[in-house]
Amino acid sequence: MKSLSELRALPHTSVSAIKTFVQCPRKYRLNYVDKVEFAFRPIALAIGTVWHDVLGHWLGSATTGSAATPEELRERLRTGIEAAVNADGPPVLFDDAEQNLAGTIDLASRMLDAFLREVVLPEKTLGIEVPFSLQLSDPDTGELLPVPLVGAMDAIVIEGGCRMIWELKTAKQRYSADQLCYDLQSTAYRLGAHDDGPIDVDVKLIVVTKARAPVVQVERLKGGLQAERDLQATAASVLRAVAAGVDHPIRGWACRGCPVAHACR
Ligand code: SF4
């Protein structure tokens with residue numbers, strides 16, 4: 001299997017690209033086709049990247065036999081956020097709740113403490129950021145889609161003697177029942193695991209909320225044939241729409257936090 005960067009260097013689509021198109025076709029075009037430079041980097045993106053790095057380090061310590069200490073993880077989180085915020089490129093835009101660097105580090109530290117209180121290190125970590133490339137087909141016609149869907153599973157672990165995929169998220173609030181039911185990402189993970197092990201692999205979603213008192217939501221996502229069909233139908237429809245030049249704007253609350261709004265006429 002190629003590395004994620006090698007897969008991304010080839011023509012492909014992704015769950016986030018599909019979700020972007022569904023949210024706003026104009027944003028998709030500006031971001032993925034025109035490749036307009038962002039006016040700012042949302043702080044949520046910076047937190048998400050560092051969060052995965054820190055938890056990846058923690059999960060990696062399951063294999064070495066000496067668990068990373070909370071102090072070590074907090075320090076990695078702090079330096080990671082500082083580096084992300086101070087990196088070259090467009091400035092970071094803070095949310096209302098995280099108005100500055102110190103507040104963001106404080107919030108992320110509380111989230112990490114909550115995570116470590118609630119989540120037990122698995123017996124073994126088989127892989128972190130495991131890349132996959134899915135050749136999807138249109139479920140109605142059977143026609144192969146013109147590009148593969150590429151992504152990376154956050155982690156594959158052995159937990160309770162079973163192989164499982166972990167999906168690690170941060171979010172403003174708990175996932176709703178509908179979000180859990182129709183999570184495209186976990187369906188892609190499950191399909192992505194087909195080439196790398198048993199087909200019937202569970203996905204465990206672990207969400208930590210960005211709140212004054214962070215909540216850790218742990219859910220086992222079973223998926224199913226309907227979810228897989230929905231992912232393929234959505235990907236096929238979006239790729240057809242992109243090829244046809246569909247790029248209308250969807251104006252609304254999301255425009256306020258849109259990093260390509262400066263190019264959206
Ligand atoms: S500003 Fe609004 S309409 Fe324009 S691309 Fe962004 S989300 Fe879409």
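Above: the structure in question.
Here we summarise the structure given alongside this text. Source: prediction; values computed, not measured.

### Comments concerning the overall build of the protein chain
So, step 1. From N to C terminus, the protein chain includes nine helices and seven strands.
So, step 2. The C-alpha radius of gyration computed for the protein chain amounts to 19 Å, which stays within 12% of the reference 18 Å derived for 265 residues, consistent with globular compactness.
So, step 3. Here the C-alpha coordinates of the protein chain stretch approximately 50 × 45 × 35 Å along the principal axes.
So, step 4. Excluding contacts between residues fewer than 6 apart, the proportion of contacts in the protein chain whose partners are at least 24 apart in sequence is 72%.
So, step 5. Here the protein chain has roughly 13,800 Å² of accessible surface; of this, 53% comes from carbon and sulfur atoms.
So, step 6. Measuring between centres, the 29 positive side-chain charges of the protein chain sit 4 Å from its 33 negative side-chain charges.

### Describing the pattern of salt bridges
So, step 1. Overall, the coordinates contain 12 salt bridges when judged by the stated rule.
So, step 2. Here Asp140 makes a salt bridge to Arg229, at a shortest N to O gap of 2.7 Å. Residue Asp140 is found in the loop between β3 (124-134) and β4 (149-159), and its partner Arg229 is found in helix α9 (residues 225-243); the two are separated by 89 residues along the sequence.
So, step 3. For Asp140, a relative accessible area of 61% puts it in the exposed group.
So, step 4. Its salt-bridge partner being Glu159, residue Lys204 comes within 2.6 Å of it at the nearest N-O pair. Of this pair, Lys204 sits in strand β6 (residues 202-209) while Glu159 sits in strand β4, and the two are 45 residues apart along the sequence.
So, step 5. The exposure class assigned to Lys204 is buried, which follows from its relative accessible area of 12%.
So, step 6. Taking relative accessible area as the criterion, Glu159 reaches 21% and is therefore assigned partly exposed.

### Thoughts on the packing of aromatic side chains
So, step 1. Under the defined criterion, the tally for this structure stands at six aromatic pairs.
So, step 2. When the ring of Phe21 is compared with that of Tyr28, the centres are 5.6 Å apart and the planes differ by 80 degrees; the resulting orientation is edge-to-face.
So, step 3. A relative accessible area of 8% means that Phe21 is categorised as buried.
So, step 4. Aromatic side chains Trp51 and Phe115 sit 6.0 Å apart centroid to centroid with 85 degrees between the ring planes, which places their arrangement in the edge-to-face category. With Trp51 in helix α4 (residues 43-64) and Phe115 in helix α6 (residues 101-118), this pair connects stretches of sequence that are 64 residues apart. The same class applies to Trp51 and to Phe115, which are both buried.
So, step 5. Taken together, the aromatic side chains of Trp51, Trp58, Phe115 and Trp166 make up a single cluster linked through ring pairs.

### A few points about the site of the ligand
So, step 1. Taken together, the residues surrounding the ligand are Cys24, Arg26, Lys27, Pro249, Ile250, Arg251, Cys255, Cys258, Ala261 and Cys264.
So, step 2. Each residue belonging to the shell around the ligand can be placed in one class, and the counts come to seven nonpolar, no polar and three charged.

### Considerations on the environment of Leu231
So, step 1. Locating Leu231 in the fold gives a position in helix α9.
So, step 2. Here the alpha-carbon distance between Leu231 and Ala213, two residues 18 residues apart in the chain, equals 34 Å.
So, step 3. If near-sequence neighbours (up to four positions away) are discounted, Leu231 is found in contact with Leu149, Leu184, Thr187, Ala188 and Leu191.

### Digging into the nonpolar core
One broad rule of soluble globular proteins: the nonpolar side chains tend to lie buried together.
So, step 1. Counting residues in each nonpolar core, the largest one holds 34 residues, and the members touching the most others are Phe132, Leu136, Leu149, Met153 and Ile165.
So, step 2. When residues of this core are traced back to their parent elements, those giving at least two are α2 (15-23), β3, β4, β5 (162-171), α8 (184-192), β6 and α9.
So, step 3. Excluding residues that lie within four positions of it along the chain, Leu149 makes contacts with Thr13, Ser14, Val15, Ile18, Phe132, Ser133, Leu134, Leu136, Ala188 and Leu231.
So, step 4. Counting 32 residues, the second-largest nonpolar core is a separate cluster that includes Ala68, Leu73, Ala114 and Val157.

### Describing α9
So, step 1. When the terminal C-alpha atoms of α9 are compared, their 27 Å separation across 19 residues agrees well with the 27 Å that a helix rising 1.5 Å per residue should span.
So, step 2. Of the positions making up α9, those classed as buried are Ala227, Glu228, Leu231, Gln232, Ala235, Ala236, Val238, Leu239 and Ala241.
So, step 3. Looking at the buried side of α9, the elements it contacts are α2, β4 and α8.
So, step 4. Looking one or two residues past α9, Gly245 carries a phi angle of roughly 85 degrees, positive in sign.

### What about the packing of helix α5 (residues 70-86) against α6?
So, step 1. Closest axis-to-axis distance for the α5/α6 pair is 10 Å, and the angle between their directions is 145 degrees. Remark: the crossing between α5 and α6 carries right-handed chirality. The residues of α6 that touch α5, namely those facing Pro70, Leu73, Arg74, Leu77, Arg78, Ile81, Glu82 and Val85, are Leu101, Thr104, Ile105, Ala108, Ser109, Leu112, Asp113 and Leu116.
So, step 2. Looking at the contact of α5 with α6 residue by residue, the class counts come to 10 nonpolar, two polar and four charged.

Definitions and limits used
Residues numbered from 1 in each chain as written. Predicted model: local features only at pLDDT ≥ 70, side-chain atom pairs only at ≥ 80, totals over all residues. Heavy atoms only, no water. Helix = DSSP H or I, 4+ residues; strand = E, 2+ residues; numbered from the N terminus. Rg over C-alpha atoms; globule rule 2.2 N^0.38 Å. Contact = heavy atoms within 4.5 Å. Areas by Shrake-Rupley, 256 points an atom, 1.4 Å probe, with all protein chains shown as cover. Lys, Arg positive; Asp, Glu negative; His and termini not counted. Charge placed at Lys NZ, Arg CZ, Asp CG, Glu CD. Salt bridge = Lys/Arg side-chain N within 4 Å of Asp/Glu carboxyl O. Buried < 20%, exposed > 50% of the residue type's maximum accessible area, 1.4 Å probe, protein only. Phe/Tyr/Trp six-rings, centres within 6.5 Å; stacked < 30°, edge-to-face > 60°. Near = heavy atom within 4 Å. Nonpolar A, V, L, I, M, F, W, Y, C, P; charged D, E, K, R; others polar. Core = buried A, V, L, I, M, F, W, Y, C linked by side-chain atoms within 4.5 Å. Expected span 1.5 Å × (residues − 1). Axes fitted to C-alpha atoms, helices over the stretch in contact; angles between N-to-C directions. Left-handed = near helix turned anticlockwise from the far one by under 90°.

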